[in-house]
Amino acid sequence: YRGWGSDTIATKHLGYAPADENALLDYLMRRGFDGEAIQGTGLFYSDFTPHFQGRYVLPYFDEDGNPVYAISRSLNHHEDGHPRDPKGDQKYTKAIKTKDRTFVDEPIYGADTVADDTDRLLVAGGIADAISVRPRRRLYVERRRTCND
């Protein structure tokens, strides 16, 4: 997706939600998470059906590196996505936020990268844009410095 390299995928912990509706739940339960914690992620409906199936997953992390939110993207929006993706016609879906069972809230992606002493801010249209821009921005800055030296 978007030509992201393996370094970007690993650094940003980009992933894939399996199309199998039991895979993520089984994985989390094997890792020792209880029902309340699993529901609290916003990744499941109240009956433990996964919210993301057969989709790319783009997680958000806090300043300490803990996952705090996620959105998903259809594999191929123009062809209705994965055949087992119940939301194939939706390009993006966000984690479920309900007051009674989840403890997630959508943060501003990349807010942790803003330096206190900066006078510039690059705003991207969405998380995928922000992920795509960051490596290119560094390259641009490095090239610009090289040209000016």
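Higher on the page you've got the structure.
None of these values were measured; they are calculated from a predicted model.

K.L.:
Whenever I open this one, the overall build of the chain confuses me. Can you help?
P.N.:
Secondary structure assignment for the chain yields 4 helices and 4 strands. Mapped in sequence order, the helices and strands of the chain form the string α-β-α-α-β-β-β-α. Counting over 149 residues, the chain shows a buried share of 32%. Across the chain, every contact between residues at least 6 apart in sequence was considered, and the portion connecting residues at least 24 apart equals 57%. By element, 50% of the accessible surface of the chain is carried by carbon and sulfur atoms, the whole surface being about 10200 Å².

K.L.:
Even after reading the chapter, I still don't get the pairing of strand 2 (residues 55–61), so can you show me in this structure?
P.N.:
Burial analysis of strand 2 places 5 of its 7 residues in the buried class, the great majority of the element. By the bridge criterion, 3 bridges tie strand 1 (residues 15–17) to strand 2 in an arrangement that is antiparallel. The residue bridging Ala17 from the neighbouring strand is Arg55, located in strand 2. The pairing of strand 2 with strand 3 (residues 67–74) spans 7 bridges and is classified as antiparallel.

K.L.:
Would you explain unusual backbone geometry in this entry?
P.N.:
At His13, a position not held by glycine, the phi torsion is positive, near 55°. Residue class for His13 comes out exposed when judged on its relative accessible area of 51%.

K.L.:
What exactly am I supposed to notice about the packing of aromatic side chains here?
P.N.:
Given two aromatic rings, one states the distance between the centres and the angle between the planes to describe the pair. Applying the stated criterion across every chain yields a total of 2 aromatic pairs. Between Tyr60 and Tyr109, the ring centres sit 5.3 Å apart and the planes meet at 90°, which makes this aromatic pair edge-to-face. Placement of Tyr60 in strand 2 and of Tyr109 in the loop between strand 4 (92–94) and helix 4 (127–148) is noted, with a sequence separation of 49 residues between them. Tyr109 carries the same exposure label as Tyr60, and that label is buried. Three or more aromatic residues link up through ring pairs in this structure, and these residues are Tyr60, Tyr69 and Tyr109. Directly above the ring of Tyr92 sits Arg73, whose terminal nitrogen or CZ lies 5.7 Å from the centroid.

What counts, and where the lines are drawn
Residues numbered from 1 in each chain as written. Predicted model: local features only at pLDDT ≥ 70, side-chain atom pairs only at ≥ 80, totals over all residues. Heavy atoms only, no water. Helix = DSSP H or I, 4+ residues; strand = E, 2+ residues; numbered from the N terminus. Buried < 20%, exposed > 50% of the residue type's maximum accessible area, 1.4 Å probe, protein only. Contact = heavy atoms within 4.5 Å. Areas by Shrake-Rupley, 256 points an atom, 1.4 Å probe, with all protein chains shown as cover. Pairing = 2+ DSSP bridges. Phe/Tyr/Trp six-rings, centres within 6.5 Å; stacked < 30°, edge-to-face > 60°. Lys NZ or Arg CZ within 6 Å of the ring centre and 35° of its normal.

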